[in-house]
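Residues per chain, in single letters:
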Amino acid sequence: MFGNKKFDGNKLKYGIYYAIAVAIIMFFLNDYVVNVKTQHIKYSDFMTYVSQNKVKEVQITRDKIVITPKTKEGEKSKILYTEKVDDPDLIKKLDAAHVQYGGAPQENNPIKNFFINWILPIIIFMFLGRILFGRLDKKMGSGVMSFGKNTAKIYAENETGVNFNDVAGQEEAKESLVEIVDFLHNPKKYTDIGAKLPKGALLVGPPGTGKTLLAKAVAGEAKVPFFSISGSAFVEMFVGMGASRVRDLFEQAQEKAPCIIFIDEIDAIGKSRDGNITGNDEREQTLNQLLAEMDGFDSSKGVVILAATNRPEVLDKALLRPGRFDRRVIADRPDLKGREEILKVHSKGVKMSESVDLNAIAKGTPGAVGADLANIINEAALRAVKSNRKEVMQEDLEEAVEVIIAGKEKKDRILSDKEKRSVAFHEVGHALVAALLKNTDPVHKITIVPRTMGALGYTMQLPAEEKYLITKEEMIDQICVMLGGRAAEEVEFNTMSTGASNDIERATQTARSMVTMYGMSERFDLMGLESIQNRYLDGRPVLNCSAETAAIIDEETLKIIKEAHKKVINLLKDNRTLLTEISERLLEKETLMGNEFMEMVKGDKSLENSSVEEQE
Ligand code: ADP
Ligand code: MG
Ligand code: ZN
């Protein structure tokens with residue numbers, strides 16, 4: 001909690017609301033409980049029950065008879081009552097029916113009743129309430145500011161507890177944020193000289209690269225409060241709520257300046273307004289309010305607005321104008337060094353064996369983002385616990401990488417021998433093509449243990465080093481490797497299976513992008529025919545050419561694939577014995593590591609006296 005009167009006042013106010021609500025609930029509950037507990041019956045009915053031997057026990061009070069009927073096992077007992085009438089034979093009848101009876105303890109103490117029915121439950125509710133509120137307080141670091149404005153999703157943290165050391169592999173992003181930290185530390189230094197600092201910075205990058213983390217780290221480094229709200233929260237709100245929420249947010253923040261306002265997933269509200277005719281009034285109002293607030297507030301007080309998005313291209317241009325989010329901080333996928341550092345950051349709190357080599361894991365995870373890597377460390381730790389070890393070993397990490405990439409092992413999936421053979425040849429087909437061609441990444445592992453995410457087997461290749469550019473030759477060889485699986489099935493079994501659908505899809509995509517984006521076809525030369533729409537998400541390409549051209553693109557793509565297919569079939573036919581040998585070995589062992597595999601390839605090649613291109 002902030003030690004601020006206003007917020008303490010709020011807490012008191014909500015405490016009172018809570019107490020009143022509890023009292024009302026108690027009032028009805030009490031009534032209800034009394035009603036279920038006892039049900040009124042006629043005296044004559046009571047007598048019938050007694051004679052039918054349905055009564056277990058009665059209590060005779062001054063003016064009431066409370067009856068406990070006999071119940072079958074497992075049945076809930078229901079208490080009945082009836083008025084006491086002048087019946088001198090009552091005791092005799094009860095004796096005859098073997099009913100237990102007796103008087104009742106004096107129950108008419110009003111103070112005690114009041115205490116049990118009212119005071120005690122209220123105390124219990126208050127106690128529960130405290131636990132509940134306390135929980136929330138802890139969770140938010142300081143409390144939910146707008147609790148009671150019910151749909152509130154503005155979170156405020158007095159201290160985020162995150163600093164730049166917790167964010168690894170984003171050196172450039174950190175560098176550009178340092179200035180903001182300094183400004184928040186000492187706004188006067190800047191305003192004295194007349195410098196205007198950016199009001200806002202936009203964090204851009206694929207999901208999981210640490211944008212939210214960076215924003216928190218800025219607040220943590222500057223030791224200022226952190227107000228955050230998610231853009232997607234606005235989308236579900238009632239009309240008019242979004243705008244008022246934005247007003248709220250800025251009001252609260254300005255009172256707490258210097259501080260940081262963070263708007264996560266800003267694309268949800270900041271989508272470009274032009275070009276959609278239907279329009280979304282609510283979103284537009286929210287966006288307009290945001291723009292107005294950004295223009296209206298005085299940045300010299302030390303309020304900085306950070307926002308994050310993985311779709312910067314859809315943002316309304318108005319948001320990006322000077323004086324608004326005019327700075328862009330890129331949080332891209334980490335490179336090898338970055339990945340190793342992220343792994344280090346996350347393994348700090350985890351007991352790791354001395355022999356663990358994080359660099360090797362970083363090498364094995366090209367394309368992984370911070371969130372994936374954090375996940376890998378955790379999976380590995382879980383696996384270590386499962387195998388009753390006190391520390392995480394390299395094998396735990398390696399398995400965790402595969403779990404993240406391909407899902408958990410699924411040993412109980414039973415394949416027929418025929419299917420297994422087909423999977424083995426398919427995978428060795430991929431691997432062998434990779435080993436025999438020149439411009440390919442070395443094979444790291446081949447396995448035919450099925451995984452939960454659908455793969456019946458897979459071949460893992462790892463680049464020897466981080467690559468930022470891919471040549472045409474490499475792309476063609478990649479396509480060949482993708483087609484190697486199906487080709488091996490054709491060569492060995494002279495038939496085809498459905499197992500190659502994903503390979504085919506990927507090969508087609510690669511071939512197509514060679515034609516449309518990378519200017520690698522003779523037919524089109526350097527003509528750009530497709531552009532990537534959202535670079536940081538799935539990266540779906542969008543065609544920008546005529547229908548006739550699109551048809552030619554298809555032809556060109558097909559040509560590349562056909563050539564590659566032919567090349568691969570010939571390659572595998574020439575190396576048929578090797579294909580069979582390695583496949584048999586894989587069937588036997590289920591998993592082959594890269595070095596075992598390469599030894600078999602090289603051994604065979606030295607016998608034949610022909611050369612295999614070195615892979616290392
Ligand atoms: P984004 O907002 O970009 O989608 P997050 O900041 O929410 O990503 O990251 C999710 C989690 O992944 C973080 O809480 C952190 O544990 C981990 N993570 C992501 N990027 C990094 C990084 N660069 N360094 C350390 N941890 C990271
Ligand atoms: Mg995020
Ligand atoms: Zn395949």
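What you are looking at is a predicted structure, and each value in this text was computed from that prediction instead of being measured.

Analysis parameters
Residues numbered from 1 in each chain as written. Chains lettered and ligands numbered in written order. Predicted model: local features only at pLDDT ≥ 70, side-chain atom pairs only at ≥ 80, totals over all residues. Heavy atoms only, no water. Helix = DSSP H or I, 4+ residues; strand = E, 2+ residues; numbered from the N terminus. Buried < 20%, exposed > 50% of the residue type's maximum accessible area, 1.4 Å probe, protein only. Contact = heavy atoms within 4.5 Å. Pairing = 2+ DSSP bridges. Axes fitted to C-alpha atoms, helices over the stretch in contact; angles between N-to-C directions. Donors = N, O, S within 2.8 Å, 3.2 Å for Na, K, Ca; no water. Patch = residues over 30% accessible without salt bridge, like charges linked within 9 Å, V, L, I, M, F, W, Y side chains within 5 Å. Areas by Shrake-Rupley, 256 points an atom, 1.4 Å probe, with all protein chains shown as cover. Salt bridge = Lys/Arg side-chain N within 4 Å of Asp/Glu carboxyl O. Core = buried A, V, L, I, M, F, W, Y, C linked by side-chain atoms within 4.5 Å.

Participant: Just to check I follow, could you spell out unusual backbone geometry for this structure?
Facilitator: What is expected of a backbone is that most residues other than glycine have negative phi and most peptide bonds are trans. Positioned with a positive phi, Asn53 is a non-glycine residue whose angle comes to about 65°. Among the secondary structure elements, Asn53 is positioned in the loop between helix H2 (43–51) and strand E2 (55–60). When its relative accessible area of 42% is taken as the criterion, Asn53 is described as partly exposed. Its identity is not glycine, yet Lys223 carries a phi of approximately 55°, on the positive side. As for its position among the elements, Lys223 is in the loop between helix H7 (211–222) and strand E8 (226–230). The class of Lys223 is exposed, set by a relative accessible area of 67%.

Participant: Could you clarify how one ought to interpret the environment of Phe250 in this entry?
Facilitator: Here Phe250 shows up in helix H9 (residues 241–255). Phe250 sits in the buried class, given a relative accessible area of 1%. Taking C-alpha positions, Phe250 is 9.0 Å from Leu290, a pair spaced 40 residues apart along the chain. Dropping the residues within four chain positions of it, Phe250 is found in contact with Ile261, Leu290, Glu293, Met294, Phe297 and Ile305.

Participant: Which parts of the structure should I look at to understand the sheet that holds strand E7 (residues 200–204)?
Facilitator: Taken together, the six strands give an open sheet; going across it, the order is E6-E8-E9-E10-E7-E11, and neighbouring strands pair in mixed fashion. Only two strands of the sheet have a single partner each, and these edge strands are strand E6 (155–157) and strand E11 (327–330). When strand polarity is set aside, the average angle formed by the axes of neighbouring strands in this sheet is 20°. With five bridges connecting them, E8 and strand E9 (residues 259–264) associate as parallel partners. In the sheet register, Ser228 faces E9, and the bridge partner there is Phe262. Most of the contacts of H7 go to E9, to which it runs at about 170°, and overall it touches E6, E7, E8, E9 and strand E10 (303–309). Across the sheet, H9 lies against E8, E9 and E10, angled at about 170° from E8, the strand it touches most.

Participant: I tried to follow the coordination of the zinc ion (ligand 3) on my own but got confused; where do I start?
Facilitator: Six octahedrally arranged donors around a metal ideally form angles of 90 or 180 degrees; four tetrahedrally arranged donors ideally form angles of 109.5 degrees. For the zinc ion (ligand 3), the protein coordination sphere consists of His426 (NE2), His430 (NE2) and Asp503 (OD), at 2.0 to 2.1 Å. The sequence motif formed by the donor residues of the zinc ion (ligand 3) is H-x3-H-x72-D. In this pair, His426 sits in helix H16 (residues 417–436) while Asp503 sits in helix H18 (residues 501–516), placing the two residues 77 residues apart along the sequence. Looking at His426, the relative accessible area reads 6%, which means it is buried.

Participant: Sorry if this is basic, but what is going on with a nonpolar patch on the surface here?
Facilitator: Together, Phe114, Phe115, Ile116, Ile119, Leu120, Ile123, Ile124 and Leu128 give the surface a local cluster of nonpolar side chains, amounting to about 720 Å² of exposed area. Inspection of the secondary structure assignment puts Ile119 in helix H4 (residues 110–139).

Participant: Explain the nonpolar core to me, please; I cannot follow it from the model alone.
Facilitator: In globular proteins that are soluble, nonpolar side chains generally tend to be buried together. Core analysis: the biggest nonpolar cluster contains 49 residues, and Leu432, Val433, Ile479, Leu572, Ile582 and Phe597 have the highest contact counts within it. Taken together, the elements giving at least two residues each to this core come down to H16, strand E12 (443–447), helix H17 (472–493), H18, helix H19 (547–574), helix H20 (576–589) and helix H21 (594–608). It is H16 that provides the largest number of residues to this core, a total of ten residues. Beyond its immediate chain neighbours, meaning those up to four positions away, Val433 contacts Cys480, Val481, Gly484, Val568, Leu571 and Leu572. If you look at the next biggest cluster of nonpolar residues, it comprises 29 residues, including Val246, Leu290, Leu315 and Phe325.

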